[in-house]
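# Working through the structure, step by step
Chain residues, written in single-letter form:
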Amino acid sequence: MKELYFLPAIFLITFSALPAAPEKKKAEVVFEKWIAWQKVCPDMDLSKLGLPSTDRLLSLEKRWNPELKEQTRFLGLAELSRLPAGEVADSKALTLTRSNINKLWQLIDKDTPGFVAWLKSRGFLTPELNQKEKSRGTSQITEKYRSFIEDLLPELDPEVESCALIAVANRFFEYSFSRGGHEKLAASEETYPLLRMLYAIMWYHLSGTGWKNWHAHTLHSIGKENEEIAYIAGGSDLYLPLKHGLKRLHLIDPQLPTQTKYYAEGWQFLLRGSAADGGLGDEIDLGKILLRRSAFRAGPAFKLGEHSIPASETRWDILQSCVRGHCPAGQIRLDRRPVVQADFSGDRTYLISFNELYYVAAADSDGWGIDPEKFPDSIRMLVKQLRRPLGKRELTALRATRDSNFSYIKLGTSVD
């Protein structure tokens, strides 16, 4: 009888000493949020989207507040609304309004400086407008200028409309920070309302709601890169880059536990597995792509505000389907730590989301202590939501906004 109880005891001791088997997870488990939420927006020719329906145009006279209607009198909406219902369809007023809106989209798409000049010449900047706006909360101003741009689009599928507005925001960003528009409009308080209009669209569609989405041009660039890309504060946002041909990535992010709303469900598994060695051999199956954890090293804890966070370095090998099963295709390095100035000293391509771009460039207490003036002149930064890479010119122009008296809304949203 003693032997009957003794043998199972040996078995249990031996079993408990075995190393844990590597974990294998499906992409749908690790990246469920990204798969469900994210969309890829191509660039659009805004001048070819079409024009709002007559019913939509007629509704604006009731929907827009008096101030916006006064700023946009040049569109002809007031004259249109005064016509008897039966006379609208063939009226000169409708033709004029459609012509003005068509010109607006042509200018935004092909000549944003001309769009701004056109608004200035057509009475968009009414007397004392800046003083009136200064006395209001940012949400009222943002709502007004979002309505101005969004309500002049034709009736579109929601997905198409979202991408169209990201395209508008891209034009406004390029005008503001690649072509000196911000500096020009911030030079006089009289033109602050125009700058608020540009900011409202940039902030809302690139950061406020656009933080999770990708521009197709950026993903295409990632897929063509053979050198390692440094992804600054990229969190767990790896699914779409991997699906678009990502080969080598160095992601640096403190991965704050307070920001899990912005991470995929498997963000902790990406950093380390449950085994004592950090999960060496763990796998994530993305179909034709397989991630396999090849290294893990825990580091000392670091402090961010009131949080103490364990630093770590994780390596995932990227394997692709081949005749032999899965063949090496690249590697992802995940460094859990804050980004520092030295991270921008290398001659490599950088990647960042528009929201985090603000914190890299910010000179005030919101910033991360990074100075774009110290970046290499050759720096090339891909931005998740932008159609064109940024260079030092745009990054220092963002930084230079601190020298302006203009104050309205921050292009980055605090996500803590």
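Shown above is the structure to which this text applies.
Residues numbered from 1 in each chain as written. Predicted model: local features only at pLDDT ≥ 70, side-chain atom pairs only at ≥ 80, totals over all residues. Heavy atoms only, no water.

## Focus: the packing of aromatic side chains
Stated formally: Pairing of aromatic rings covers Phe, Tyr and the six-membered ring of Trp, with a centre-to-centre limit of 6.5 Å; geometry is then stacked below 30 degrees between planes, edge-to-face above 60, and tilted otherwise. To qualify as a helix, a DSSP run of H or I must reach at least 4 residues; to qualify as a strand, a run of E must reach at least 2; elements of each kind are numbered from the N terminus. Think of it in three bands: with a 1.4 Å probe and only protein chains considered, a residue is buried below 20% of the maximum accessible area for its type, exposed above 50%, and partly exposed in between. Only lysine NZ and arginine CZ atoms are considered, and such an atom sits over a ring when it is within 6 Å of the ring centre and within 35 degrees of the ring normal.
Taken as a whole, this structure holds 20 aromatic pairs when the rule is applied. Between the aromatic rings of W211 and Y262, the centroid separation amounts to 4.8 Å while the plane-to-plane angle is 70 degrees, which identifies the pairing as edge-to-face. Taken together, the residues W211 in the loop between helix 13 (192–208) and strand 3 (214–215) and Y262 in the loop between strand 5 (248–252) and helix 16 (267–271) connect sequence positions 51 residues apart. Classification of W211 as buried rests on a relative accessible area of 14%. Members of the aromatic cluster, joined through ring pairs, are W34, W37, W211 and Y262. Over the ring of F269 we find K25; its NZ or CZ atom is 4.9 Å from the centre of that ring.

## Considering the sheet that holds strand 11 (residues 380–383)
Note the following rule: Should DSSP find at least two bridges between two strands, the strands are regarded as paired. Where helices are involved, their axes are fitted lines through C-alpha atoms of the stretch in contact, as for all axes, and angles between N-to-C directions lie from 0 to 180°. Note on contacts: a residue pair is in contact if any heavy atoms of the two residues lie within 4.5 Å.
Reading across the sheet, the 9 strands line up as 1-6-7-8-9-5-4-10-11 and stay open at both edges, with mixed pairing between neighbours. Each edge of the sheet is formed by a strand with only one pairing partner; in this case those strands are strand 1 (24–26) and strand 11. Ignoring strand direction, the axes of neighbouring strands in this sheet form an average angle of 25 degrees. The strands touched by helix 17 (residues 354–361) are strand 4 (229–232), strand 10 (349–352) and strand 11; relative to strand 10, the strand with the most contacts, the crossing angle is about 110 degrees.

## A closer look at the pairing of strand 7 (residues 289–304)
Where strand 6 (residues 283–285) and strand 7 come together, 3 bridges link them in antiparallel fashion. Note on strand 7: the bridge partner recorded for D285 is L290. Pairing of strand 7 with strand 8 (residues 307–322), which is carried by 13 bridges, proceeds in the antiparallel orientation. Within strand 8, the residue paired with F302 across the bridge is I309.

## A few points about the state of the cysteines
Our working definition: Note that a disulfide, as used here, is simply two cysteine sulfur atoms within 2.5 Å.
Taken as a whole and judged by the stated rule, the model has 2 disulfides. Covalently, C41 is tied to C163 through a disulfide, its sulfur atoms 2.1 Å apart. Residues C41 and C163 are joined through a disulfide that is left-handed, its torsion about the S-S bond being -75 degrees. Placement of C41 in strand 2 (residues 40–41) and of C163 in helix 11 (residues 158–178) is noted, with a sequence separation of 122 residues between them.

## Concerning the pattern of salt bridges
Rule in force here: The salt bridge criterion pairs a side-chain nitrogen of Lys or Arg with a carboxyl oxygen of Asp or Glu, the two atoms within 4 Å.
This model, assessed by the stated rule, comprises 34 salt bridges. A salt bridge links K144 to E133, with the nearest nitrogen and oxygen atoms 2.7 Å apart. Here K144 is found in helix 10 (residues 138–150), whereas its partner E133 is found in helix 9 (residues 129–134), with 11 residues between them in sequence.

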